[in-house]
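Chain by chain, the residues run as shown.
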Amino acid sequence: MGTFKSIEEAREHFTKDRFASMSGMVLDELGEDYALCSVILNENHQNAYGGIMGGAIFTLADLAFAALSNNIHQPTVAQQVSINYLGAPKGSKMIARAYIKKDGKRTCTINVDVTDDTGRDIAQFVGSGFKL
């Protein structure tokens, strides 16, 4: 599977990402070359205008990035990340799908696509991980 022996071990590890956990974000799937995380949206994720806060979108993408990068090599930390917000979620759930773009000796590059449960594109996240 990777550095985690099972999805259960990975889920247990990432419950220590308290902000993501307290926000309702979960690791749904983890493979050698992908990770899938999701969150059921509620009023706690809203900004002052009633939309979903950019930080909630970023945190979900960051959790998927962390799960995959640490399944490649543990520990890996974010070295540089960027996010492009593409649209507001219209559904009741957001999904982040992380996949490896490049796995190098000391760094990795991971792309994360964030959508909602209607299939709407929400954000595109690109992260560079540094392998400690």
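Residues numbered from 1 in each chain as written. Predicted model: local features only at pLDDT ≥ 70, side-chain atom pairs only at ≥ 80, totals over all residues. Heavy atoms only, no water.

### Observations concerning the side chain of Ser23
Within the element layout of this structure, Ser23 appears in the loop between helix H2 (18–22) and strand E1 (26–30). At 2.8 Å, the side chain of Ser23 and the backbone oxygen of Phe19 are in polar contact. If near-sequence neighbours (up to four positions away) are discounted, Ser23 is found in contact with Val39 and His45. (Helix = DSSP H or I, 4+ residues; strand = E, 2+ residues; numbered from the N terminus. Polar contact = N/O pair within 3.5 Å; in protein donor to acceptor, adjacent residues only side chain to side chain. Contact = heavy atoms within 4.5 Å.)

### Observations concerning the pattern of salt bridges
In the structure shown here, the tally under the stated rule is 1 salt bridge. Across the pair Lys131 and Asp103 runs a salt bridge, and its minimum N-O distance is 2.5 Å. Taken together, the residues span a long stretch of sequence, with Lys131 in strand E6 (residues 121–131) and Asp103 in strand E4 (residues 93–103) at a distance of 28 residues. On the basis of relative accessible area, Asp103 is assigned to the partly exposed category, the value being 43%. (Salt bridge = Lys/Arg side-chain N within 4 Å of Asp/Glu carboxyl O. Buried < 20%, exposed > 50% of the residue type's maximum accessible area, 1.4 Å probe, protein only.)

### Side note on the pairing of E6
Consecutive side chains of a regular strand alternate in pointing toward one face of the sheet and then the other. Relative to E6, strand E3 (residues 76–85) runs antiparallel, the two being bridged by 9 bridges. Residue pairing for E6: Ile83 is matched across the bridge by Phe125. Of the strand pairs in this sheet, strand E5 (residues 107–116) and E6 are connected by 9 bridges, and their pairing is antiparallel. Residue pairing for E6: Thr115 is matched across the bridge by Asp121. With antiparallel pairing between neighbouring strands as the criterion, E5 and E6 make up a hairpin whose turn holds 4 residues, including Gly119 at a positive phi of roughly 95 degrees. (Pairing = 2+ DSSP bridges.)

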